[in-house]
Amino acid sequence: AAGGARVRVETPRLGHGERILGMLRENAEEYLRLLALEEAASAESEGPKELARVMGLDVVPDRIEGYDIATLSGGETVGARVRFVGGKPEKEGYRRYRVRSPEIALGRPDDYAALREVFAHRARAAREGEETQMCRRAGDAMPDLILVDGGRGQLAAAILGLGGAAGASRCG
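A quick note: this is a predicted structure, and the numbers were derived from the prediction, not measured. (Residues numbered from 1 in each chain as written. Predicted model: local features only at pLDDT ≥ 70, side-chain atom pairs only at ≥ 80, totals over all residues. Heavy atoms only, no water.)

## Some points on the overall build of the chain
Part 1 of the reasoning: When you go through the chain residue by residue, the secondary structure sums to 5 helices and 5 strands.
Part 2 of the reasoning: For the chain, the N- to C-terminal ordering of α and β elements is α-β-β-β-β-α-α-α-β-α.
Part 3 of the reasoning: A buried classification covers 24% of the 172 residues belonging to the chain.
Part 4 of the reasoning: For the chain, contacts bridging at least 24 residues in sequence account for 44% of all contacts bridging at least 6.
Part 5 of the reasoning: Approximately 12100 Å² of the chain is accessible, and the part contributed by carbon and sulfur atoms is 54%. (Helix = DSSP H or I, 4+ residues; strand = E, 2+ residues; numbered from the N terminus. Buried < 20%, exposed > 50% of the residue type's maximum accessible area, 1.4 Å probe, protein only. Contact = heavy atoms within 4.5 Å. Areas by Shrake-Rupley, 256 points an atom, 1.4 Å probe, with all protein chains shown as cover.)

Pasting the structure below:
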């Protein structure tokens, strides 16, 4: 207020004013919810583009799979796969692989052997899907990008498991 005059703010607690204030609050909450949804959708669609930029890829990957190997407390070794399509998780593409390599069966954890086994299984599933021409529908087509948790040794094991698949290359 000009000249230091006091300003009084009141919040309606009854009747028409309270109903209007309630409608304003609901509208504001709905607007914020829609903004959050738009922001999330925009971030999902930008994710693959940003990944392609950071990795120096010529093509933006649509189908991305990530793999990791874990040795559980009971000594069981498992591989895990997650899949993203269009920047969004595709839960139907998530897999857990029970690893049965001889090296591991003898109680010696071996990430490299586990990765070779998991990727051999993955390559076989893709080949079988292509042979039956149900590959795309079954979701077993090879992805545009495969991410492997680990270093150069894990990457080499994955490529060996894929049978040295054409187009396999290393980035970082």
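## Remarks on the side chain of Glu-65
Part 1 of the reasoning: Structurally, the position occupied by Glu-65 is in strand 1 (residues 63-71).
Part 2 of the reasoning: A distance of 3.1 Å separates the side chain of Glu-65 from the side chain of Arg-83, its partner in a polar contact.
Part 3 of the reasoning: Apart from residues lying up to four places away in sequence, Glu-65 is in contact with Arg-81, Val-82, Arg-83, Arg-122, Ala-141, Pro-143, Leu-145, Ile-146 and Leu-147. (Polar contact = N/O pair within 3.5 Å; in protein donor to acceptor, adjacent residues only side chain to side chain.)

## Concerning the nonpolar core
Part 1 of the reasoning: Counting residues in each nonpolar core, the largest one holds 12 residues, listed as Tyr-67, Ile-69, Tyr-97, Val-99, Ala-114, Leu-115, Val-118, Phe-119, Ala-123, Ala-157, Ala-158 and Leu-162.
Part 2 of the reasoning: Within the residue set of this core, elements represented by two or more residues are strand 1, helix 3 (111-131) and helix 5 (152-161).
Part 3 of the reasoning: Among the elements that make up this core, the one with the highest residue count is helix 3 (5 residues).
Part 4 of the reasoning: Those residues in contact with Tyr-67 that sit more than four places away from it in its chain are Ala-80, Arg-81, Tyr-97, Val-118, Phe-119, Arg-122, Ile-146, Leu-147, Val-148 and Asp-149. (Core = buried A, V, L, I, M, F, W, Y, C linked by side-chain atoms within 4.5 Å.)

## Focus: helix 5
Part 1 of the reasoning: When helix 5 is considered as a whole, its buried residues turn out to be Gln-154, Ala-157, Ala-158 and Gly-161. The buried residues of helix 5 all sit within an arc of 100 degrees when viewed along its axis, so they share a single face. Relative to its buried face, helix 5 has exposed residues pointing more than 90 degrees away, namely Arg-152 and Leu-160.
Part 2 of the reasoning: Positive backbone phi, at 80 degrees, marks Gly-163, one or two positions downstream of helix 5. (Arc of directions from axis to C-beta.)

## Some points on the confidence of the model for the chain
Part 1 of the reasoning: Here the chain shows a mean pLDDT of 81. Residues at 70 or above account for 81%.
Part 2 of the reasoning: Strand 5 (residues 145-148) holds the highest mean pLDDT among the elements of the chain, 94, whereas helix 4 (residues 135-138) holds the lowest, 46.
Part 3 of the reasoning: Scored below 50 in pLDDT, residues 131-138 makes 8 contacts in the model with residues more than four places away or belonging to other chains.
Part 4 of the reasoning: This model gives residues 166-172 a pLDDT under 50, and the stretch forms 4 contacts once residues within four places in sequence are excluded. (pLDDT = per-residue confidence, 0-100.)

## Regarding the pairing of strand 1
Part 1 of the reasoning: The pairing of strand 1 with strand 2 (residues 77-85) spans 9 bridges and is antiparallel. Within the sheet, the bridge partner assigned to Tyr-67 lies in strand 2 and is Arg-81.
Part 2 of the reasoning: Direction of pairing for strand 1 relative to strand 5: parallel, over a ladder of 4 bridges. Bridge assignment links Gly-66 to a residue of strand 5, and that residue is Leu-147. (Pairing = 2+ DSSP bridges.)

## Regarding the pattern of salt bridges
Part 1 of the reasoning: Across all of its chains, the model carries 10 salt bridges by this definition.
Part 2 of the reasoning: Where Glu-65 meets Arg-81, a salt bridge forms, and the shortest distance between an N and an O atom there is 4.0 Å. Pair noted here: Glu-65 is in strand 1 and Arg-81 is in strand 2, with a separation of 16 residues, a long-range link.
Part 3 of the reasoning: Arg-81 sits in the buried class, given a relative accessible area of 3%.
Part 4 of the reasoning: Of the charged contacts in the structure, one is a salt bridge between Arg-83 and Glu-90, with a shortest N-O distance of 3.0 Å.
Part 5 of the reasoning: Classification of Glu-90 by relative accessible area gives partly exposed; the value is 22%.
Part 6 of the reasoning: Through salt bridges with shared partners, a single network forms among Glu-65, Arg-81, Arg-83, Glu-90 and Arg-122. (Salt bridge = Lys/Arg side-chain N within 4 Å of Asp/Glu carboxyl O.)

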